[in-house]
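One-letter residues, chain by chain:
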Amino acid sequence: MKPAALGPDKKLSGRLGTGAWYKEIWKHRMTYTLLIPGLIWLILFAYLPMGGLSLAFKDYKASEGILGSPWVGFENFKYVFRDPNFIDAVWRTLYINIIKLVIMFPVPILLALALNELRMRKTKKWFQTIFTFPQFLSWIIVSGIVINVLSYDGLVNSALQLLGLPTINFLGSEEMFLPMLIITDIWKSAGWGAIIFLAAISGIDQDQYESSQIDGASRMQQIFKITLPNILPTVSVMFILNVGGIMSAGFDQIFNLANAATQNVSQVLDVYIYRVTFQSSTDFSFSTAVSLFRSLVNMFLLLGANKVAKLMGGDGLFR
Amino acid sequence: MRMKKAFKPLMAIAMSAVMLTATACSSETASTGGNEKDENGKYKDKLTISVAQTTEVKDGVLDNEFHKYWMDKFNIEWDYNYIQWDSWAEKLRLWINSGDLPDVASWNYVHGDFMNYVDQGLLYKFPDDWKERWPNVAAAYKETGLGDKLEELTGGTYILPKPVYYENKPADPLVNQIGVIAMRKDWAEAVGFELKDAYTTSEIMKYAELVKEKDPGKLGSKLIPISYNADDALTNIIMANSEHSRVESAYYKGEDGKFHWGPADPETLTGLKLMQKAYKEGLLDPEFYTWKNNEGSNNFKVKGVAAVTSLGGLASYRQDMDKAMKTNLGVNSDELVHTAIVLGDDGKYRNLEQPNFWSSLIFSPDISKEKFERIMDLIDYSTSKEGQLLLNMGFEGKDWKYGENNELVSLLPEGTSLEDKYPARFEGLYVLGDDFSMINPAIKKDYRETAVKHFQNKAKLGTEGGKLATYDWDVQLYDSKPKSQATFEYQNEYANLILQSGDLETNWKKWVQSKQSLVQPVLDELNSKFAN
């Protein structure tokens, strides 16, 4: 899928010349006008705040502002890397999110494929609503439900007791923390994630299915030979985006589900940043240094995933 | 024509942006006015004063007689900002740093932040003559000790630390009110456990074991023998055995004149072992570490399923417990509750020497002179004897009177508290309620006397063979990046340690070792600056 050439494409401007290039823009002026709000939003909320990253190299004083605060070079990073909790948090973030990615990424695809196979429209919509609904619950509510269900006097343990079975310490078990994260995340977000893949599936040319039916292809063969190859570019883009967010995923979920018993397996980088920013003495420079480090790792992961996707024959996100 | 068409959407976007910017940049017009008074001694100009407090003021409450009295007397209108307890620190931090601090706000003083704020001009500097102009405030301020120390560091007054006690200090030395437990008196009698004013941690565990074994309340699996959350367990088990195990006293100067880190002391391990024993024997709730805020004490006073809970040493806490038990369980707590202080297993009493302040009042650096003076007038009045009586007893002749022996007599109907009649009395901005609670007749005399007895026992036991963690001004007022970085949530760290599998001592040693890269630089700094 090639994106529409709206920007000052080098080939286009080279072919048309500068004057013709401006003419081309003028010709599509309404389209460009529609782009303006989005561009303003992007500049205001994505690019301008990047100036704040300079705090990582400054000793921030609120009264002097971001620009006026004195430069301190890599001083903040010296403190960041001295903290063993930071190093632990980096590895734990990678560990948790890579496992989540491996296990969770295929789930929305499978769900989309399954929903697509439902032939009765009403049933399909009903299931889609059921699977999508949890996405609209905040993690505070979801964690409240999980804690009530899994606590010692919760639903599950009460049922176990009634059956004469021993109770299980779900909430205080380090071993069960990661499975709990994965299961609750799948429950909450798989339905929402499936929408994108369902949209991709709905864009597949129906002639392909009709032809395959004439050739006697089974439903499974249609899925593997037509549906999956057609949605592969979407899968590839979603995978790259997921990899690019590995270091910054899951704060709300982990923060709300963790407790003292699981703190050794739950302090991910975002929880660490929250703690150093808000729970000890204020140090915005220090927390910005940690955030910058996280963003850099995310960027390298994104570039790496993009490269791998292209090596495997996909389009990637960018060239 | 086509040009015009294209220009329209651009213009619309540009105009919207301008409007948005204009709206965002406009701020409320600040009330201005002087503090001149008319012939009746009333302020001529009305001032709108923004205030931020943790007292919840519900809709319509400001219309009641009590709040109106203050607003009329000082001719002010409150712009009240309620801050939830849980977001107090964060909200204030953001307001201060972004220059959005209301005119006056309660702030949970953090020394490192305070020094930064002063350095950056984010707090209002008091006029040099403020102590002469508002003598009641100055007298209460002096009692905190912190005010004078901070003036030495900053060269002026930027903050009013709130005095815990002003005219009704219960004991000397003052020991922190924490470390008082409540236990079921009726169950103790049923299981043959002696009632005393002080117990060692093991004695309390023994009592809990007896209750668990004999179940005098017939609660079965619902019974929670010791209903502590992680913080309560730190206070009543670990601190009782190791006075330097809490964040307030973790860095301390030892007898050798050098600085140490309390959590690495063997006494802390003793406390941890006792806590783990209590957990493993099922005396603590299996999920005590997930409890937030009042869940631990609610098991005692709301659900009635706990044998022991953490209470704290203020008479008002005991009164609240009495009310909660009456409301929720329909019982008279006087027949069921016994309170006591907790000793270490070696019989020694440990706690923290109490500096006479808790949290503070700060003012916006942009506050007008008139507003500042008006607020200070109000605070000065609220700190006076008349103001304290009004705040804590209501209106004389209507809510209270002097008795035959000049004692305070409440006129409120039985079962009605001043809070019921005049909810959210936030106007007591400065002196904390702890002071008046010592003499407040709205609190049962028995509770007040017991509170004083506990304070006096703590002071006596703490100084005669006990171990009180002294409030070291050098350490407390020292601020550095390593010190900020080496701050831990000890209650969660300890809970995690006792829950880990394997040998506790080995795990504790490993934990101590893991913190050294952060702790040692702080000790080095403190030793280089303050060691003998």
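Keep in mind that this is a model prediction, so the values were computed, not measured.

**Student:** What is the right way to read the overall build of chain A from this model?
**Tutor:** Across its full length, chain A carries 16 helices and 0 strands. Relative to the compact-globule value of 20 Å for 319 residues, chain A shows a C-alpha radius of gyration of 25 Å, a clear excess of over 25%. Each principal axis of the C-alpha distribution contributes one length, and for chain A these read about 65 × 65 × 35 Å. Taken over 319 residues, chain A has a buried fraction of 39%. For chain A, the accessible surface area stands at approximately 18400 Å², while carbon and sulfur atoms represent 68% of it. Averaged over its 26 positive side-chain charges, chain A has a centre that lies 10 Å from the centre of its 20 negative ones.

**Student:** Please explain the overall build of chain B as it appears in this structure.
**Tutor:** What chain B contains, in helices and strands, is 22 helices and 16 strands. Expected size for 532 residues packed as a compact globule is a radius of gyration near 24 Å; at 26 Å, chain B falls within 12% of this value. When the backbone C-alpha atoms are referred to their principal axes, chain B occupies close to 85 × 65 × 60 Å. By sequence separation, contacts in chain B at least 24 residues apart represent 75% of the contacts at least 6 residues apart. Carbon and sulfur atoms form 48% of the exposed surface of chain B, whose accessible area is close to 23800 Å². When the 63 basic and 82 acidic side-chain charges of chain B are each reduced to a single mean position, those positions are 4 Å apart.

**Student:** Whenever I open this one, the sheet that holds strand β11 (residues 337–343) of chain B confuses me. Can you help?
**Tutor:** One key point about sheets: their strands pair by backbone hydrogen bonds, in either a parallel or an antiparallel sense. All names here are of chain B. Ordered by their spatial adjacency, 5 strands build an open sheet running β6-β11-β5-β10-β7, and the pairing between neighbours is mixed. The open sheet has two free edges, formed respectively by β6 (198–200) and β7 (224–227), since each of these has just one partner strand. Each adjacent strand pair in this sheet contributes to an overall mean axis angle of 30°, direction not counted. Across 5 bridges, the pairing between strand β5 (residues 180–184) and β11 is antiparallel. Paired with V180 across the two strands is I341, which belongs to β11. Along the sheet face, helix α13 (residues 315–329) touches β5, β10 (306–310) and β11 and points at about 140° away from the line of β11.

**Student:** I'm lost on the interface of chain B and chain A in this one. Help?
**Tutor:** In many analyses, interface size is given as the accessible surface area lost on bringing the parts together. Contacts between the two partners involve 39 residues from chain B, matched on the other side by 40 residues from chain A. Interface area, chain B with chain A, both sides summed: about 3300 Å², of which 51% is carbon and sulfur. Taken together, chain B and chain A are joined by 0 salt bridges. Here chain B is connected to chain A by 12 residue pairs in polar contact (both at pLDDT 80 or more). By residue number, the principal contributor to the side of chain B that touches chain A is helix α1 (residues 2–25) of chain B, which donates 6 residues. Classifying every residue of the side of chain B that touches chain A by side-chain character gives 17 nonpolar, 12 polar and 10 charged.

**Student:** What is the right way to read the pairing of strand β4 (residues 160–163) of chain B from this model?
**Tutor:** For a regular strand, side chains alternate in direction, first toward one face of the sheet and then toward the other. Residue and element names in this part refer to chain B. Burial along β4 is two-sided: L160 and K162 facing one way and P161 and P163 facing the other are all buried. Pairing of β4 with strand β13 (residues 357–363) involves 3 bridges; the strand directions are antiparallel. Counterpart to P161 in the pairing with β13 is S360.

**Student:** What's the story with the domain arrangement of chain A in this structure? I'm lost.
**Tutor:** Residue and element names in this part refer to chain A. We note that the domain assignment places domain 1 (1–57) and domain 2 (65–311) within chain A. Placing a centre on the C-alpha atoms of domain 1 and another on those of domain 2 gives a separation of 32 Å. Each partner contributes to the interface: domain 1 provides 7 residues, whereas domain 2 provides 12 residues. Interface of domain 1 and domain 2: buried area, both sides summed, is about 930 Å²; carbon and sulfur atoms make up 74% of it.

**Student:** Would you explain the sheet that holds strand β3 (residues 104–107) of chain B in this entry?
**Tutor:** Residues and elements named next belong to chain B. Spatially, β2-β1-β3-β13-β4 is the arrangement adopted by the 5 strands of the open sheet, whose pairing is mixed. In this open sheet, the two edge strands, each paired with only one partner strand, are β2 (76–82) and β4. Here the strands of the sheet are splayed against their neighbours by 25° on average, with no regard to which way each runs. In this structure, strand β1 (residues 47–53) lies alongside β2, joined through 7 bridges in parallel fashion.

**Student:** In this structure, what is going on with the packing of aromatic side chains? I would like to understand it.
**Tutor:** When we look at a pair of aromatic rings, we describe it by the centre distance and by the angle of the planes. Evaluated as defined, the whole model comprises 60 aromatic pairs over all chains. With 5.2 Å between their ring centres and 90° between their planes, F81 of chain A and F86 of chain A make a pair best called edge-to-face. Aromatic ring contacts, followed pair by pair, group Y43, F66, Y69, W70, F74, Y381, F395 and Y422 of chain B into a single cluster. Here the basic side chain of K78 of chain A rests over the ring of Y79 of chain A, its NZ or CZ set 5.5 Å away from the ring centre. Over the ring of F74 of chain B we find K73 of chain B, and its NZ or CZ is 5.9 Å from the ring centre.

**Student:** Is there a simple way to explain the environment of P229 of chain A in this structure?
**Tutor:** Residues and elements named next belong to chain A. Turning to its location among the elements, P229 is positioned in helix α12 (residues 219–244). Since its relative accessible area comes to 42%, P229 is described here as partly exposed. Each C-alpha atom, one on P229 and one on D185, is 27 Å from the other, the two residues being 44 residues apart in sequence. Residues in contact with P229, not counting those within four places in the same chain, are I223 and F224.

**Student:** Can you help me understand the nonpolar core in this one?
**Tutor:** The nonpolar side chains of a soluble globular protein tend to be buried, and buried together. Residue and element names in this part refer to chain B. Judged by nonpolar contacts, the single largest core of 63 residues is most densely connected at Y207, Y251, W261 and F288. With 9 residues, helix α22 (residues 504–530) is the largest single contributor of residues to this core. F74, F363, I367 and Y381 belong to the second-largest nonpolar core, a separate cluster that totals 44 residues.

**Student:** So what exactly am I meant to see when it comes to the UniProt feature "transmembrane region" (unreviewed entry) in chain A here?
**Tutor:** Residues annotated by UniProt as "transmembrane region" (unreviewed entry) correspond here to residues 32–50, 94–115, 136–156, 176–202, 223–247 and 284–303 of chain A. The annotated region residues 223–247 of chain A carries 88% helix and 0% strand content, and the separation between its end C-alpha atoms amounts to 33 Å.

**Student:** What is the right way to read helix α16 (residues 284–311) of chain A from this model?
**Tutor:** For α16 of chain A, spanning 28 residues, the distance from its first C-alpha to its last is 40 Å, which sits close to the expected 40 Å at 1.5 Å a residue. In the stretch just after α16 of chain A, G313 of chain A is the one whose phi turns positive, near 95°.

**Student:** When you look at the packing of helix α6 (residues 135–144) of chain B against helix α14 (residues 369–383) of chain B in this model, what are you seeing that I'm missing?
**Tutor:** How two helices sit against one another is set out by the angle between their axes and by the gap between those axes. Residues and elements named next belong to chain B. In contact at an axis separation of 7 Å, α6 and α14 are set at 65° when each is read in the N-to-C sense. The orientation of α6 with respect to α14, classified from their angle, is roughly perpendicular. Where α6 crosses over α14, the handedness of that crossing is left-handed. Contacts from P135, N136, V137 and A140 in α6 reach M376, I379, D380 and T383 in α14. In terms of residue class, the contact of α6 with α14 is built from 5 nonpolar, 2 polar and 1 charged.

**Student:** Where do I start with the pattern of salt bridges in this structure?
**Tutor:** Pairing between side chains of opposite charge can happen when their charged atoms approach one another. In total, this model carries 33 salt bridges over all chains according to the counting rule given. Linking K78 of chain A and E75 of chain A is a salt bridge whose minimum nitrogen-to-oxygen distance equals 3.5 Å. Of this pair, K78 of chain A and E75 of chain A both sit in helix α4 (residues 75–82), 3 residues apart, which is roughly one turn of that helix. Taking relative accessible area as the criterion, K78 of chain A reaches 52% and is therefore assigned exposed. Judged by relative accessible area, which is 31%, E75 of chain A ranks as partly exposed. Salt-bridge contacts for K277 of chain B lead to E281 of chain B; the nearest nitrogen and oxygen are separated by 3.9 Å. Under the relative-accessibility criterion, E281 of chain B is labelled partly exposed at 30%. A single salt-bridge network, built from bridges that share partners, covers R318, D322, K326, D334 and K444 of chain B.

Quick notes on the rules
- All residue numbers here refer to positions counted from 1 along the written sequence of the relevant chain.
- Each chain is given a letter, starting from A, and each ligand a number, starting from 1, according to the order in which they appear as written.
- This being a predicted model, a pLDDT of at least 70 is required before a residue's local features are given, and a value of 80 or more before pairs of side-chain atoms are given or counted; all residues contribute to the totals for chains, interfaces and linings.
- Side-chain calculation: all heavy atoms of the structure are included, whereas hydrogens and water are not.
- Each helix is a run of H or I in the DSSP string that is no shorter than four residues. Each strand is a run of E no shorter than two, and both are numbered from the N terminus.
- Two things to know: the radius of gyration comes from C-alpha atoms, and the globule rule equals 2.2 Å times the number of residues to the power 0.38.
- The buried label goes to any residue with under 20% of its type's maximum accessible area, the exposed label to any with over 50%, and the partly exposed label to all in between, with areas taken from a 1.4 Å probe on protein chains only.
- Note on areas: these come from Shrake-Rupley sampling with a 1.4 Å probe, and a residue is covered only by the protein chains present in the view.
- The charge count treats Lys and Arg as positive and Asp and Glu as negative. His and the chain ends do not count.
- For this purpose, a charge sits on NZ of Lys, CZ of Arg, CG of Asp or CD of Glu.
- By definition, residues are in contact when any of their heavy atoms lie within 4.5 Å.
- Two strands are said to pair when DSSP picks up at least two bridges between them.
- For helices, the fitted axis covers only the stretch in contact; all axes are lines through C-alpha atoms, and the angles between them, taken along N-to-C directions, range from 0 to 180 degrees.
- Accessible area, probed at 1.4 Å, shrinks when two parts are joined; the buried area is that loss added up over both.
- A carboxyl oxygen of Asp or Glu within 4 Å of a side-chain nitrogen of Lys or Arg is what we treat as a salt bridge.
- For the purposes of these results, a polar contact is taken to be a pair of N or O atoms within 3.5 Å, where, inside protein, one atom must be able to donate a hydrogen and its partner to accept one; residues adjacent in sequence count only when each atom of the pair is a side-chain atom.
- Charged residues are taken to be Asp, Glu, Lys and Arg, nonpolar residues to be Ala, Val, Leu, Ile, Met, Phe, Trp, Tyr, Cys and Pro, and polar residues to be all remaining types, Gly included.
- Note that domain bounds follow an automatic or database assignment of domains.
- Pairing of aromatic side chains here covers Phe, Tyr and the six-membered ring of Trp, requires ring centres within 6.5 Å, and sorts the geometry by plane angle: under 30 degrees stacked, over 60 edge-to-face, intermediate tilted.
- Geometrically, a lysine NZ or arginine CZ counts as sitting over a ring once it is within 6 Å of the ring centre and also within 35 degrees of the ring normal.
- Put simply, buried Ala, Val, Leu, Ile, Met, Phe, Trp, Tyr and Cys residues joined by side-chain atoms within 4.5 Å make one nonpolar core.
- UniProt positions are given in the numbering used here, feature names are shortened, and annotations may be inferred rather than shown by experiment.
- By this rule the span expected of a helix is its residue count minus one, scaled by 1.5 Å.
- By the definition adopted for this analysis, an angle is roughly parallel if under 35 degrees, roughly antiparallel if over 145, roughly perpendicular if from 65 to 115, and oblique otherwise.
- Working rule for handedness: look at the near helix, and if it is turned counterclockwise from the far one by less than a right angle, call the crossing left-handed; if clockwise, right-handed.

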